[in-house]
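Residues per chain, in single letters:
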Amino acid sequence: MNAPTTIAKSSERDLRSEFPGLVTGDGAPWHYLDTAATSQKPRAVIDAMARALGEDYATVHRGVYSRSADMTLAYEAARRRIAEFVGGHEDEIVFTRGATEAINLVANSWGKVNLKSGDRILLSQLEHHSNIVPWQMIAQQTGAIIDVAPLTSDHRIDLDAVEAMLTDRHKLVAFAHVSNVLGSVLDAPRAAAMAHKVGAKLLLDGCQAVPHMSVDVAALGCDFYVFSAHKLYGPTGIGALWAPHGVLESMPAWEGGGSMIDRVTFEKTTYAATPQRFEAGTPAITEAIAFAAAADFVAGVGLTAMHEAEAQLVSRLRRELIAMNDATVFGPEGSAGIVSFAIDGIHPHDLGTILDESNVAIRAGHHCAQPLMDYLGVPATARASFGIYSTQQDVDALLEGISRTRRIFGKA
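This report concerns the structure included in the present document. (Residues numbered from 1 in each chain as written. Predicted model: local features only at pLDDT ≥ 70, side-chain atom pairs only at ≥ 80, totals over all residues. Heavy atoms only, no water.)

### Digging into the side chain of threonine 24
Consideration 1: Structurally, threonine 24 can be placed in the loop between α1 (7-11) and β1 (31-32).
Consideration 2: Apart from the residues lying within four places of it in its own chain, the contact partners of threonine 24 are Pro29, Trp30 and Asn359. (Helix = DSSP H or I, 4+ residues; strand = E, 2+ residues; numbered from the N terminus. Contact = heavy atoms within 4.5 Å.)

As structure tokens, then:
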């Protein structure tokens, strides 16, 4: 049994104890290896949300009473915190229901104004469905055409091929900053430079990047950056779109309702300034406050320490799987916290079910990336994904569970 190598060891904190979800109902350790799907929540985030739902609760932006004013300040402070977390300014952050809604916002606001028949959108072979389907929808409405960039032999977006594919007809490039299946990391500054050279904008899906690495949107050079709170140890139901203030100001409102207006009459409605223009209805107040608490928690631990610890776990698991003659490991060596694999003769769903009997939780399926599965020539993969609370003991439990599964299936 390996000694537990954890982020907590380097920071002298027992991080696992700060996540109440990491035990089973009978108090046994739960080896949670599905963080790429959604992260467990630390007590600091749970407590922040509980306070916001309880003794601090009131609506925002409308009330003249003191608690509403205080909650409004807390909500807008959360916006500033999330902006700072990715190197932006508060007037550049739009709160959304998640990264999926953020991409749909860009497609239905910026896309409807800036795309026309014959324009081209460049995606890649490894994109999540959320970075494919909205562009298909807007392409059908505008007459734009979608191109798909291939992958390199080690399953990264092939930027040499991208450079050869891009033309002045391309108006948008939309790539995952980190693949949710392969863990491969995009050279975002290079992608941005290539997109801008032909006059296109670059949207980055940062869902799998923000939990694993420091993000500075200015250094990346992107035009849109989207991410979700629940991947970053925060709550579900909220995410963010970052874009330069000038770009947001040029985009029309895409949903109508309260909060996003300036003046309403039956003859004409005028809209609020950004970012409120894109936040129709009562916002996710408590979720925003918990989102900011999650950013504070991650910053307190340190993304560098987190990344180094996760890299050790990824490296060991890849090495152990490659040593199995019947296992295929997908993605590059330097994947960010994710290892996808397949074992000959064992469907990933069967593996996941048997692992669950030993309190090991992995993901099994197409991971909302069916075009990538087709590209890899498999119906599904098993995916182990690590987080701030992951340890070598989790890898031990996974490998022991794989060995048990192989025995059940009659493999040596």
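### A short note on the sheet that holds strand β4 (residues 145-149)
Each strand in a sheet pairs with its neighbour through backbone hydrogen bonds, running either in the same direction (parallel) or in the opposite one (antiparallel).
Consideration 1: The strand order across the open sheet built from seven strands is β2-β8-β7-β6-β5-β3-β4, with neighbouring strands paired in mixed fashion. The open sheet terminates on both sides in strands that have one partner only, identified here as β2 (93-96) and β4. The sheet shows a mean angle of 20° between the axes of neighbouring strands, taken without regard to direction.
Consideration 2: Relative to β4, strand β3 (residues 120-124) runs parallel, the two being bridged by five bridges. Counterpart to leucine 122 in the pairing with β4 is aspartate 147.
Consideration 3: Against the sheet, helix α4 (residues 99-114) contacts β2, β5 (170-176), β6 (201-205), β7 (224-228) and β8 (239-242), and its axis sits at roughly 155° relative to β7. (Pairing = 2+ DSSP bridges. Axes fitted to C-alpha atoms, helices over the stretch in contact; angles between N-to-C directions.)

### Observations concerning the state of the cysteines
Consideration 1: Per the stated rule, a full pass over the model turns up zero disulfides.
Consideration 2: In this structure cysteine 207 is a free cysteine whose sulfur lies 11 Å from that of cysteine 368, the closest cysteine sulfur available.
Consideration 3: Among the residues examined, cysteine 207 registers a relative accessible area of 9% and is labelled buried.
Consideration 4: Left without a disulfide partner, cysteine 222 is nearest to the cysteine sulfur of cysteine 207, which lies 13 Å away. (Disulfide = S-S within 2.5 Å. Buried < 20%, exposed > 50% of the residue type's maximum accessible area, 1.4 Å probe, protein only.)

### What to know about the pattern of salt bridges
Consideration 1: For the structure on display, the rule yields 20 salt bridges.
Consideration 2: Of the charged contacts in the structure, one is a salt bridge between glutamate 163 and arginine 190, with a shortest N-O distance of 3.6 Å. Pair noted here: glutamate 163 is in helix α6 (residues 159-165) and arginine 190 is in helix α7 (residues 188-197), with a separation of 27 residues, a long-range link.
Consideration 3: Owing to a relative accessible area of 45%, glutamate 163 belongs among the partly exposed residues under this scheme.
Consideration 4: A residue is classified by how much of its surface remains accessible, and arginine 190, at 30% relative accessible area, is partly exposed.
Consideration 5: The partner of aspartate 326 in a salt bridge is lysine 411, and the shortest N-O contact between them spans 3.4 Å. Of this pair, aspartate 326 sits in the loop between α11 (303-322) and β11 (327-330) while lysine 411 sits in the segment after α14 (392-408), and the two are 85 residues apart along the sequence.
Consideration 6: Assessed through its relative accessible area of 23%, lysine 411 is described here as partly exposed.
Consideration 7: Members of the salt-bridge network, linked through shared partners, are Asp34, Arg363 and Arg383. (Salt bridge = Lys/Arg side-chain N within 4 Å of Asp/Glu carboxyl O.)

### Some details on the sheet that holds strand β14 (residues 363-365)
Consideration 1: Taken together, four strands build an open sheet; the order of strands is β11-β12-β15-β14 and the sheet is antiparallel. Of all strands in the sheet, those bounded by a partner on one side alone are β11 and β14. Strand-to-strand twist of the sheet, defined as the mean angle between neighbouring strand axes without regard to direction, takes the value 30°.
Consideration 2: Note that β14 and strand β15 (residues 381-385) share three bridges and pair antiparallel. Each bridged residue has a counterpart across the sheet, and for glycine 365 the counterpart in β15 is threonine 381.
Consideration 3: Along the sheet, α11 makes contact with β11, β12 (338-343) and β15, crossing β12 at roughly 15°.

### Thoughts on a nonpolar patch on the surface
Consideration 1: A contiguous nonpolar patch, built from Ile261, Val264 and Tyr271 and spanning about 260 Å² of accessible area, is present on the exposed surface.
Consideration 2: Assignment of secondary structure puts isoleucine 261 in strand β9 (residues 261-264). (Patch = residues over 30% accessible without salt bridge, like charges linked within 9 Å, V, L, I, M, F, W, Y side chains within 5 Å. Areas by Shrake-Rupley, 256 points an atom, 1.4 Å probe, with all protein chains shown as cover.)

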